[in-house]
Number of protein chains: 2
Amino acid sequence: MYFWEMSFDTEKEKYSMEVLDDTDLALLRLLGNNSKLTIKELAIKVNLTPSPVFERVKRLEEQGYIKKYIAVLDAEKLNFGLIVFCSIRLKHHDKNIGYEFVSDILKIDEVVECYNISGDYDFLLKVHARDMKHYQDFVFNKLGSVTSIGSTQSTFVMSETKHSCNINF
Amino acid sequence: MYFWEMSFDTEKEKYSMEVLDDTDLALLRLLGNNSKLTIKELAIKVNLTPSPVFERVKRLEEQGYIKKYIAVLDAEKLNFGLIVFCSIRLKHHDKNIGYEFVSDILKIDEVVECYNISGDYDFLLKVHARDMKHYQDFVFNKLGSVTSIGSTQSTFVMSETKHSCNINF
DNA sequence: GGTGAAAGATAGTCACA
DNA sequence: TGTGACTATCTTTCACC
């Protein structure tokens, strides 16, 4: 059972959960694939008039279901086609060194995503670089100066076969 | 030297490379972070009037630098907060089994991204699930019926510390 | 929650420089 | 390539249901 299928004792409880109905979910799915759809077009697709659709979308933005609107850029065309997953082991495992690592990583442009993971390594980075030379420079000069790092392991992407930017719910 | 810094012998050559100037790059950076910026607002930021900005953005869309416009959704709020990286080794390595695998993977909603990688495994999947139970179901029932898979290994994300949706160029 | 109309802003076109 | 004006369309508001 998902949270939007739960039953609530009071209206207040329901309100605090900011429950989404099927129309809200439909709007999120539509905008998650194509945010250029106009309020008018959305209204037709969900069988409503523009006004309530406008209110719903505004509410979904305010409540944070929609985090932002972006143009999805073509990394290859922009000469940033090399994707590398970089696994990282920290030197130690105290809280401070973790914070230090994250704060350093946030500043590095090549790092597009960073995850704290289970298993042999502590963090997994998704890195975008122009080419091998650029990636080498990234490892030596950028990661090289992050002192909290113990060891790294690079997994190179040979081809990207699927990339949906949003969850498919 | 990046391709937009190259010099060209002829205008035709230049055209075929669809070279981007600084204004184009600025527009891509702006829209990559916030596609709700109006043509008017963009024009002010790049010191132009709306008309040429409109033409430039339209050209960037047509030439594929902008692939699409999307609303970035909050996976946690939508109860899809569990992220798992699933490494996959195929049974064999002929071309057909690779195609078969990719075609099966494309159909699975939980798989948000799929990469053909170097190293011990053949593919790396980024999976979004509601919870462990859902992930277990995904592994047994969805991956379980992809016959081309030899073995898998799951790396669970404990926290996402960075996620820029686009490249930072 | 939803409808429909009205006003204000934006996108998109075009003649001209 | 860029400017400035023009029109069509869309967003956003609001009184009413």
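The structure we're discussing is the one just above.
Position numbers for residues count from 1 along each chain, tracking the sequence in the order it is written. Following the order in which they are written, the chains are lettered starting with A and the ligands numbered starting with 1. Selection of residues for local features in this predicted model requires a pLDDT of at least 70, selection of side-chain atom pairs for listing and counting requires 80 or more, and totals for whole chains, interfaces and linings are taken over all residues. Side-chain descriptors were evaluated using all non-hydrogen atoms of the structure, hydrogens and water having been removed beforehand.

Student: Would you explain the relation of the copies chain B and chain A in this entry?
Tutor: Both copies of the chain are related by a screw-like operation: a rotation about an axis and a shift along it. Rotating chain B by 180 degrees about the axis while translating it 0.0 Å along that axis superimposes it on chain A, leaving an RMSD of 0.1 Å. Taken together, the rotation angle and the small translation identify this as a two-fold axis. Identified as the residue of chain B closest to the rotation axis by C-alpha distance is B:I70, at 2.8 Å. Contacts were defined at the residue level, with two residues in contact if any of their heavy atoms lie within 4.5 Å. When the interface residues of chain B are mapped onto chain A, 100% of them again fall at the interface, so both copies present the same face. The fit set for superposing copies consists of C-alpha atoms from residues with pLDDT of at least 70 in both; the fit itself is least squares.

Student: For this particular structure, what's the right way to read the pairing of strand β1 (residues 66–73) of chain A?
Tutor: Looking along a regular strand, one sees the side chains alternate between the two faces of the sheet. For every residue, the accessible area obtained with a 1.4 Å probe (protein chains only) is divided by the maximum for its type, and the residue is called buried under 20%, exposed over 50%, and partly exposed between those limits. Strands are runs of DSSP state E lasting at least 2 residues, helices are runs of H or I lasting at least 4, and numbering of each runs from the N terminus. Most of β1(A) is tucked away, with six of its eight residues classed as buried. Of the strand pairs in this sheet, β1(A) and strand β1 (residues 66–73) of chain B are connected by seven bridges, and their pairing is antiparallel. Considered in β1(B), the bridge of A:I70 is made with B:I70. Only when DSSP finds a minimum of two bridges between them are two strands counted as paired.

Student: Is there a simple way to explain the protein's contact with DNA strand D in this structure?
Tutor: In these notes, residues near a molecule or strand are those with any non-hydrogen atom within 4 Å of it. Taken together, A:T38, A:I39, A:K40, A:S51, A:F54, A:K58, B:L48, B:T49, B:S51, B:P52 and B:R56 form the complete shell of residues around DNA strand D. A share of 69% is what sugar and phosphate atoms reach among the atoms of DNA strand D within 4 Å of the protein. Between DNA strand D and A:I39, the relevant distance is 2.9 Å, taken from a phosphate oxygen to a main-chain nitrogen or oxygen of the residue. Those elements giving two or more residues to the surface near DNA strand D turn out to be α3 (39–45) and α4 (50–62) of chain A together with α4 (50–62) of chain B. Classification convention: Asp, Glu, Lys, Arg as charged; Ala, Val, Leu, Ile, Met, Phe, Trp, Tyr, Cys, Pro as nonpolar; all other residues, Gly among them, as polar. Split by residue class, the surface near DNA strand D holds four nonpolar, four polar and three charged. Between N or O atoms, a polar contact is any pair within 3.5 Å; within protein, one atom must be a potential hydrogen donor and the other a potential acceptor, and residues adjacent in sequence are included only when both atoms are from side chains.

Student: Which parts of the structure should I look at to understand the packing of helix α2 (residues 22–33) of chain A against α4(A)?
Tutor: Packed helix pairs are characterised by how far apart their axes lie and by the angle those axes make with each other. All names here are of chain A. Here an axis means a line fitted to C-alpha atoms, over the contact stretch when the element is a helix, while the angle between two N-to-C directions is reported on a 0 to 180 degree scale. Put simply, α2 and α4 touch, their axes get as near as 10 Å, and they point 75 degrees apart. Taken as axis vectors, α2 and α4 run roughly perpendicular relative to one another. Two secondary-structure elements touch here, α2 through T23, D24, L27, L28 and L31 and α4 through V53, R56, V57, R59 and L60. When its residues are assigned to classes, the contact of α2 with α4 shows six nonpolar, one polar and three charged. What sets the label is the angle itself: under 35 degrees gives roughly parallel, over 145 gives roughly antiparallel, 65 to 115 gives roughly perpendicular, and the rest give oblique.

Student: What is the right way to read the pairing of strand β3 (residues 111–117) of chain A from this model?
Tutor: Of all seven residues that make up β3(A), six are buried, and the element is covered over most of its length. In terms of strand pairing, β3(A) meets strand β4 (residues 123–129) of chain A through five bridges, oriented antiparallel. Considered in β4(A), the bridge of A:N116 is made with A:F123. Counted along the chain from β3(A) to the antiparallel partner β4(A), the turn is five residues long, and its residue A:G119 has a positive phi close to 105 degrees. Pairing of β3(A) with strand β5 (residues 149–163) of chain B, which is carried by five bridges, proceeds in the antiparallel orientation. Note that in β5(B) the partner of A:C114 across the bridge is B:K162.

Student: Is there a simple way to explain the protein's contact with DNA strand C in this structure?
Tutor: In the neighbourhood of DNA strand C, the contacting residues comprise A:L48, A:T49, A:S51, A:P52, A:R56, B:T38, B:I39, B:K40, B:S51, B:F54 and B:K58. Near the protein, meaning within 4 Å, the atoms of DNA strand C are sugar or phosphate in a fraction of 72%, with bases accounting for the rest. A distance of 2.4 Å is found between a phosphate oxygen of DNA strand C and a side-chain nitrogen or oxygen belonging to A:T49. B:I39 has a polar backbone atom sitting 3.3 Å from a phosphate oxygen of DNA strand C.

Student: So what exactly am I meant to see when it comes to the state of the cysteines here?
Tutor: Each disulfide consists of a covalent bond between the sulfur atoms of two cysteine residues. In plain terms, two cysteine sulfur atoms within 2.5 Å form what is called a disulfide here. A full pass over the atoms with the stated rule returns zero disulfides over all chains. Free of any disulfide, A:C165 has its nearest cysteine sulfur in B:C165, 7.5 Å distant.

Student: Where do I start with the packing of aromatic side chains in this structure?
Tutor: Aromatic ring pairs are reported here in terms of the distance separating the ring centres and the angle at which the planes meet. Aromatic rings from Phe, Tyr and Trp, taking only the six-membered ring of Trp, are treated as a pair when their centres fall within 6.5 Å; an angle between ring planes under 30 degrees marks them as stacked, one over 60 as edge-to-face, and anything in between as tilted. Applying the stated criterion across every chain, the model contains nine aromatic pairs over all chains. Residues B:F101 and B:F123 carry aromatic rings whose centres are separated by 4.4 Å and whose planes lie at 40 degrees to one another, so their mutual orientation is tilted. Taken as a pair, B:F101 in helix α5 (residues 95–106) and B:F123 in strand β4 (residues 123–129) lie far apart in primary sequence, 22 residues in all. You'll find B:F101 and B:F123 in the same group, each marked buried. Aromatic side chains B:Y135 and B:F138 sit 5.6 Å apart centroid to centroid with 35 degrees between the ring planes, which places their arrangement in the tilted category. In this pair, B:Y135 and B:F138 are both assigned in helix α6 (residues 132–142), three residues apart and thus about one turn of the helix distant. The structure contains a cluster of three or more aromatic residues connected by ring pairs, namely A:F85, A:Y115, B:F85 and B:Y115.

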